[in-house]
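Overview (structure and organization)
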Amino acid sequence: MRVTELNRDTAPEAVDAVFEGLSARSRYLRFHSPTPRLTASARRVLTDVDGERHGAVCATVGGEPIGIARVIRTGECGAEIAVAVIDLWQRRGVGRLLLEELTSIAARMGVAELHGNVLPDNHAMLALVRRVLPGVRLTREIDTIELSYPLAWVTAEISDADLVESLQGT
């Protein structure tokens, strides 16, 4: 299995392949509604990967896309995440690898906090974020569970003076 970063040139093929590999149930869990096909506007958003506002990674096996994870800025410091793995490859560690790589990309993009909405019956995704994002906050909303995970410790720059000061206890 190989995980690579997507861009505007590589995203369309990956988005189409992963979407086709999702069952109706998986599509519902990912998009929070019945989604038999991607609308042109949804596809445009999912493929507009610029690496600054919208980052994405794709897992492939034998060159075939089997999963995508994305981070999309929602403001100056925050970004929404999403993960989709085709049904044949679910529960095999693909989502974990994608989400781990995605946190690195988000940190590189300068994101301070990840957030997202998960349907309460998406037990696999809830378990995944608990494993990969230690200390993730999960808050029950009306129809979803909102996740929030600070990346500030990843993106913070600590100077030598900061370290010396903390060691001296001043």
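Look up: the structure comes first, before these words.
Notes on the structure follow. (Residues numbered from 1 in each chain as written. Predicted model: local features only at pLDDT ≥ 70, side-chain atom pairs only at ≥ 80, totals over all residues. Heavy atoms only, no water.)

So, the overall build of the protein chain
If you tally the helices and strands in the protein chain, you get 7 helices and 7 strands. Start at the N end of the protein chain and walk to the C end: the helices and strands fall as β-α-α-α-β-β-β-α-β-α-β-β-α-α. Out of the 170 residues belonging to the protein chain, those deemed buried represent 39%. Excluding contacts between residues fewer than 6 apart, the proportion of contacts in the protein chain whose partners are at least 24 apart in sequence is 62%. Carbon and sulfur atoms make up 51% of the accessible area of the protein chain, which totals about 9600 Å². (Helix = DSSP H or I, 4+ residues; strand = E, 2+ residues; numbered from the N terminus. Buried < 20%, exposed > 50% of the residue type's maximum accessible area, 1.4 Å probe, protein only. Contact = heavy atoms within 4.5 Å. Areas by Shrake-Rupley, 256 points an atom, 1.4 Å probe, with all protein chains shown as cover.)

A closer look at the pattern of salt bridges
In the structure shown here, the tally under the stated rule is 9 salt bridges. Taking the shortest distance from any N to any O, the salt bridge between Arg137 and Glu113 comes out at 2.9 Å. You can see Arg137 sitting in strand S6 (residues 137-140) and its partner Glu113 sitting in strand S5 (residues 113-118), a full 24 residues away along the chain. On the basis of relative accessible area, Arg137 is assigned to the partly exposed category, the value being 45%. Judged by relative accessible area, which is 28%, Glu113 ranks as partly exposed. Because the salt bridges share partners, they merge into one network encompassing Arg8, Asp48, Asp50 and Arg53. (Salt bridge = Lys/Arg side-chain N within 4 Å of Asp/Glu carboxyl O.)

Here we look at the packing of aromatic side chains
Taken as a whole, this structure holds 1 aromatic pair when the rule is applied. Between Arg30 and the ring centre of Phe31, over which it is positioned, the NZ or CZ distance is 4.5 Å. Against the face of Trp89 rests Arg92, its NZ or CZ located 4.5 Å from the ring centre. (Phe/Tyr/Trp six-rings, centres within 6.5 Å; stacked < 30°, edge-to-face > 60°. Lys NZ or Arg CZ within 6 Å of the ring centre and 35° of its normal.)

Quick look at the nonpolar core
Ranked by internal contacts, the top residues of the largest apolar core, which has 45 residues, are Leu6, Val71, Ile81, Leu99, Leu114 and Leu133. Only helix H1 (11-20), strand S2 (54-61), strand S3 (64-73), strand S4 (78-85), helix H4 (94-108), S5, helix H5 (123-132) and strand S7 (145-150) provide two or more residues apiece to this core. Element by element, the count of residues in this core is highest for H4, at 6 residues. In this structure, Ile81 is in contact with Arg70, Val71, Leu99, Leu102, Leu114, His115, Gly116, Leu133 and Leu147, ignoring residues within four places of it in sequence. (Core = buried A, V, L, I, M, F, W, Y, C linked by side-chain atoms within 4.5 Å.)

Digging into the packing of H4 against H5
Two elements in contact, H4 and H5, have axes whose closest approach is 10 Å; the angle formed by their N-to-C orientations is 50°. With respect to H5, the element H4 is oriented oblique. The interaxial crossing formed by H4 with H5 has right-handed handedness. From H4, Gly95, Arg96, Leu99 and Glu100 reach across to H5, where they touch Leu128, Val129 and Val132. In the contact of H4 with H5, the residues fall into 4 nonpolar, 1 polar and 2 charged. (Axes fitted to C-alpha atoms, helices over the stretch in contact; angles between N-to-C directions. Parallel < 35°, antiparallel > 145°, perpendicular 65-115°, else oblique. Left-handed = near helix turned anticlockwise from the far one by under 90°. Nonpolar A, V, L, I, M, F, W, Y, C, P; charged D, E, K, R; others polar.)

A look at unusual backbone geometry
A positive phi is found at His32, a non-glycine position, where the angle reads about 65°. One can find His32 in the loop between helix H2 (24-31) and helix H3 (40-47). The phi torsion at Arg91 lies on the positive side, around 65°, for a residue other than glycine. Mapped onto the elements of the fold, Arg91 is located in the loop between S4 and H4.

Remarks on the pairing of S5
In S5, alternate side chains face the same way, and those of Leu114, Gly116 and Val118 are buried while those of Glu113, His115 and Asn117 on the opposite face are not. Sheet analysis places S4 next to S5, joined by 3 bridges and oriented parallel. Considered in S5, the bridge of Glu80 is made with His115. Each parallel crossover has a hand, and the one from S4 via H4 to S5 is right-handed. Sheet topology places S5 next to S7; 6 bridges connect them, and they run antiparallel. Following the sheet pairing, Leu114 is matched in S7 by Tyr149. (Pairing = 2+ DSSP bridges. Right-handed = clockwise from strand over helix to strand, strands pointing away.)

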